[in-house]
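A structural walkthrough
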Amino acid sequence: MGEHTRAHVYVSGNVQGVFYRANTRDTATELGVDGWVRNLKDGRVEAVFEGPEPKVREIVDWCHEGSPAADVSAVDVEYEQPKGLDGFEVRW
């Protein structure tokens, strides 16, 4: 299945109130990527993705566009060792 990785992502721009989290959850689920996504008080979205490296890189690339109504200005990503997350959730 290949090497597993973890990406910790911060997405800036118009990414709250545009279904960014729901679309992220749906896309991660389709790709078979585990993790979570949440809004931050400063207007950014934070997400963690774990899974096979190609799938994690695919969803990180997707974050640059995000939901159809989003206007992403930046995606900051840091790759880390996986921590064994199971499933994908929207956090509040």
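Here the residue index of a chain counts from 1 through its sequence in written order. Owing to the predicted nature of the model, reporting of local features is limited to residues with pLDDT of at least 70; listing and counting of side-chain atom pairs is limited to 80 or more, with chain, interface and lining totals taken over all residues. Only hydrogens and water are removed before side-chain values are computed, so all heavy atoms of the structure are retained for them.

Per an unreviewed UniProt entry, the recorded name for the protein chain is acylphosphatase, and the organism is Halalkaliarchaeum desulfuricum. Comment text from UniProt for the protein chain, heading Catalytic activity (unreviewed entry), reads "an acyl phosphate + H2O = a carboxylate + phosphate + H(+)". What UniProt states about the protein chain under its Sequence similarities (unreviewed entry) heading is, verbatim, "Belongs to the acylphosphatase family." UniProt positions are given in the numbering used here, feature names are shortened, and annotations may be inferred rather than shown by experiment.

**Thoughts on helix 2 (residues 53–63)**
Throughout this description, buried means an accessible area under 20% of the type-specific maximum (1.4 Å probe, protein chains only), exposed means over 50%, and partly exposed covers the range between. Working definition: helices are DSSP H or I runs of at least four residues, strands are E runs of at least two. Numbering for both runs from the N terminus. Turning to helix 2, its buried residues number three or more, namely Val-56, Ile-59, Val-60, Trp-62 and Cys-63. Seen from one end, helix 2 has its buried residues packed into an arc of 155 degrees, which puts them on one side. In this structure, helix 2 carries Pro-54 and Asp-61 as exposed residues pointing more than 90 degrees from its buried face. Taking the helix axis as origin, the arc is that swept by the directions to the C-beta atoms.

**Some remarks on the pattern of salt bridges**
One side-chain nitrogen of Lys or Arg within 4 Å of one carboxyl oxygen of Asp or Glu is enough to make a salt bridge. Overall, the coordinates contain seven salt bridges when judged by the stated rule. A salt bridge links Arg-6 to Glu-80; its shortest N-O distance comes to 2.9 Å. Taken together, the residues span a long stretch of sequence, with Arg-6 in strand 1 (residues 4–14) and Glu-80 in strand 4 (residues 71–80) at a distance of 74 residues. We classify Arg-6 as buried; its relative accessible area is 7%. For Arg-57, the salt bridge is made with Glu-53, and the minimal N-O distance between the two is 3.0 Å. In this pair, Arg-57 and Glu-53 are both assigned in helix 2, four residues apart and thus about one turn of the helix distant. What emerges from the salt-bridge pattern is a single network uniting Arg-6, Glu-50 and Glu-80.

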